Amino acid sequence: MKDKTFLMIPGPTPVPERVLLEIAKHPIGHRSSEFSKILESVYTDLKYVFQTKNDVIVYTASGTGAMDAALSNLINEGDKVLSLVIGNFSRRLAKIAKGLGADVEIIEAEAGNAINPDILKERLDKDVNKEIKIVTLIQNETSTGVTNDVKTLVSLIKEHGALSVVDGVTSVGAIECKMDDWGIDVLITGSQKGLMIPPGLSFLAASEKAWKVHEQCKHPDFYFNWTTNRKSVRENSTAFTPAVNLFCGLKVALEMMKEEGIENIIARHTKIASALRVAIKALGLKLFVTDEKYASNSITAILPPEGISVPDIRKVLKKDYDIEVANGQNELKDKIFRMGTLGYVSERDVITAVGALEAALYKLGYKFELGAGIAALIKELNK
Ligand SMILES: *Cc1c(COP(=O)(O)O)cnc(C)c1O
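First things first, this report covers the structure right here in the doc. Every value quoted in this text rests on a predicted model; they were computed, and no experiment measured them.

Rules used throughout
Residues numbered from 1 in each chain as written. Predicted model: local features only at pLDDT ≥ 70, side-chain atom pairs only at ≥ 80, totals over all residues. Heavy atoms only, no water. Axes fitted to C-alpha atoms, helices over the stretch in contact; angles between N-to-C directions. Helix = DSSP H or I, 4+ residues; strand = E, 2+ residues; numbered from the N terminus. Parallel < 35°, antiparallel > 145°, perpendicular 65-115°, else oblique. Left-handed = near helix turned anticlockwise from the far one by under 90°. Contact = heavy atoms within 4.5 Å. Buried < 20%, exposed > 50% of the residue type's maximum accessible area, 1.4 Å probe, protein only. Near = heavy atom within 4 Å. Polar contact = N/O pair within 3.5 Å; in protein donor to acceptor, adjacent residues only side chain to side chain. Areas by Shrake-Rupley, 256 points an atom, 1.4 Å probe, with all protein chains shown as cover. Nonpolar A, V, L, I, M, F, W, Y, C, P; charged D, E, K, R; others polar. Pairing = 2+ DSSP bridges.

1. A closer look at the packing of helix H13 (residues 347–363) against helix H14 (residues 372–381)
Where H13 contacts H14, the two axes come as close as 8 Å, and the packing angle between them is 165°. With respect to H14, the axis of H13 lies roughly antiparallel. For the pair H13 and H14, the sense of crossing is right-handed. Between H13, through Glu 347, Val 350, Ile 351, Val 354, Gly 355 and Glu 358, and H14, the contact on the second element is made entirely by Ala 372, Gly 373, Ile 374, Leu 377 and Leu 381.

2. Section: the environment of Leu 357
Looking at the element boundaries, Leu 357 is found in helix H13. Residue Leu 357 is classed as buried on the basis of its relative accessible area of 0%. The sequence separation of Leu 357 and Leu 21 amounts to 336 residues, and the corresponding C-alpha distance is 31 Å. Every residue in contact with Leu 357, bar those within four places of it in the chain, is listed here: Ile 280, Leu 283, Ile 313, Leu 317 and Phe 337.

3. Things to note about the site of the ligand
Among the 14 residues in the neighbourhood of the ligand, the closest are listed as Ser 62, Thr 64, Thr 142, Asp 167 and Lys 193. At 2.6 Å from a nitrogen atom of the ligand is found a side-chain nitrogen or oxygen belonging to Asp 167. The contact in question runs from an oxygen atom of the ligand to an N or O atom on the side chain of Lys 193, over 2.7 Å. Relative to its unbound accessible area of 380 Å², the ligand is 88% covered by the protein chains. Broken down by secondary-structure element, the contributors of at least two residues to the shell around the ligand are helix H3 (63–72) and helix H4 (88–99). For the shell around the ligand, the element with the highest residue contribution is H3, accounting for three residues. Along the lines of polarity and charge, the residues of the shell around the ligand split into four nonpolar, seven polar and three charged.

4. Structural notes on the sheet that holds strand E11 (residues 286–287)
Sheet strands pair via backbone hydrogen bonds, and the direction of the pair is either parallel or antiparallel. Taken in spatial order, the four strands make up an open sheet running E11-E12-E15-E14, and their pairing is antiparallel. Edge strands, defined here as strands with exactly one partner in the open sheet, are E11 and strand E14 (326–327). Relative to strand E12 (residues 299–303), E11 runs antiparallel, the two sharing two bridges. Residue pairing for E12: Leu 287 is matched across the bridge by Ile 302.

Take a look at the structure:
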């Protein structure tokens, strides 16, 4: 049905009406005092969402822009970078570092797994001359639905002395991520995932220690330059012409997040995703994550049942029920499908999604007890 599309992909995610209406207004001048007031509110509230005292820089760019911004402000040619790879997005950080001339070493876990902290510890312990300057990692791997134990991994990196650069694109505002408490050096996210606004903005915060390393960076990027951008943040301004309307929407989205409270937001994501996993298993389907301890609370990756294809499941969900779920990426294409439950997501959404998934599987000829998923879901949500 027209205009009824419901996004259950891992971004873009649904946008609240209050935010949409704000974005629909005429753009205002980006050097006006009205806009400066909006920026003041946005910059303050972002610190709350990032759980940090550091300034949060906002770039008019997609999430990858902030990934680029993170590394291009730190790396000099020949620097040793250790990249912890568990999927497509964590691999992107390694690629960016390589492109900047870093000497990149990769520790990789097979898709569906998280990084084992013992393996990281062993590698860092061996680096007695402290050659490793930066460790890149991801909190929530969107391509596989796996969440790393970032708190533990970052504490090991801190102990070693390297900088930690963390992709928090599908965790910030969805999964617990305490930048200052955990000692994360650089944390980035994007607008279209946990922050309930459309794509187009990305965010970066850096620790004092990371700022010191930035000062030694010989050729930082111009547009993404930390120094010029932070100067603007501190003046309640932006370095260049920003996506004005998205900032107006962001102000409202952040106010909604503050009203709900970050702990409640995280609890909501936990409850919805755990119940979804229970329902998936009740339907006889398998989760892609190998150890449920590392299952993501923002993206659930699911293996289709024998004999039923991922494209067929996606097609029926889209065509008959107006629900979009994501395919796997690269080598996981057509092997898994992924349901995003992040940002503006409620219990109703997951009840709708599981009901529609059951209907789609039924139509496609999967043999199962109709209603088993929904029953398990409702019980789990009301435990
Ligand atoms: C979406 C996403 C990104 C950024 O992707 P863009 O398409 O550039 O917005 C980066 N990392 C993760 C984990 C993501 O989910």
